[in-house]
Amino acid sequence: MEELTFEEFCALPTMYCSGYQADWGAHRMYRNERIGLQVEIVTKRVRRGDIYSGWKKEKRFFFLDGDARQFDTLDQVYVAYMEKVCGIGAKK
């Protein structure tokens, strides 16, 4: 694992891995295998069961392999990544 600046971390490519759509909304998952980053995007429908109602604002969740925490923002997961790279931080 290598140290990255926040700009480099934000520019890392992710690959679409899976997703599905249901009457409540949609779920998509993207990964960067090189650093073990996973991004999950959940988007709810405006009206459940009505595919023509449109979409609400998406919510993103970030995960790192080997870390049980869920992160809500990119800067939070970046700090956790750098803690992992440097061998410091909370062990959970």
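Up top you'll find the structure we're talking about.
Residues numbered from 1 in each chain as written. Predicted model: local features only at pLDDT ≥ 70, side-chain atom pairs only at ≥ 80, totals over all residues. Heavy atoms only, no water.

Asks: It is not clear to me how the side chain of Arg 31 should be interpreted in this structure. Could you clarify?
Replies: Take Arg 31: it is sitting in strand E2 (residues 25-32). With a relative accessible area of 11%, Arg 31 lands in the buried category. Side chain to side chain, Arg 31 and Glu 33 meet in a polar contact 2.7 Å long. Not counting residues within four places of it along the chain, the set of residues in contact with Arg 31 comprises Pro 13, Thr 14, Met 15, Cys 17, Gly 36, Leu 37, Gln 38 and Asp 65. (Helix = DSSP H or I, 4+ residues; strand = E, 2+ residues; numbered from the N terminus. Buried < 20%, exposed > 50% of the residue type's maximum accessible area, 1.4 Å probe, protein only. Polar contact = N/O pair within 3.5 Å; in protein donor to acceptor, adjacent residues only side chain to side chain. Contact = heavy atoms within 4.5 Å.)

Asks: Honestly, the environment of Gly 66 in this entry has me stumped. Any pointers?
Replies: Relative to the assigned elements, Gly 66 resides in the loop between strand E4 (59-64) and helix H2 (74-86). Here Gly 66 falls in the exposed class, since its relative accessible area comes to 84%. Sequence spacing of Gly 66 and Ala 26 is 40 residues, and the spatial spacing of their C-alpha atoms is 26 Å.

Asks: I tried to follow the sheet that holds strand E1 (residues 15-21) on my own but got confused; where do I start?
Replies: Backbone hydrogen bonds hold the strands of a sheet together, and the pairing may be parallel or antiparallel. If you walk across this open sheet you meet the four strands as E1-E2-E3-E4, and the pairing is antiparallel. Two strands lie at the open edges of the sheet, namely E1 and E4, each paired on one side alone. The average undirected angle you get between the axes of adjacent strands in this sheet is 15°. Note that E2 and strand E3 (residues 37-44) share eight bridges and pair antiparallel. (Pairing = 2+ DSSP bridges. Axes fitted to C-alpha atoms, helices over the stretch in contact; angles between N-to-C directions.)

Asks: Quick question: what am I supposed to make of H2 here?
Replies: Compared with the 18 Å implied by 1.5 Å per residue over 13 residues, the 18 Å span of H2 between its first and last C-alpha is a close match. Listed in full, the buried residues belonging to H2 are Val 77, Tyr 78, Ala 80, Tyr 81 and Met 82. As for H2, its buried residues are in contact with helix H1 (6-10), E3 and E4. With its phi angle positive at about 75°, Gly 87 sits one or two positions after the end of H2. (Expected span 1.5 Å × (residues − 1).)

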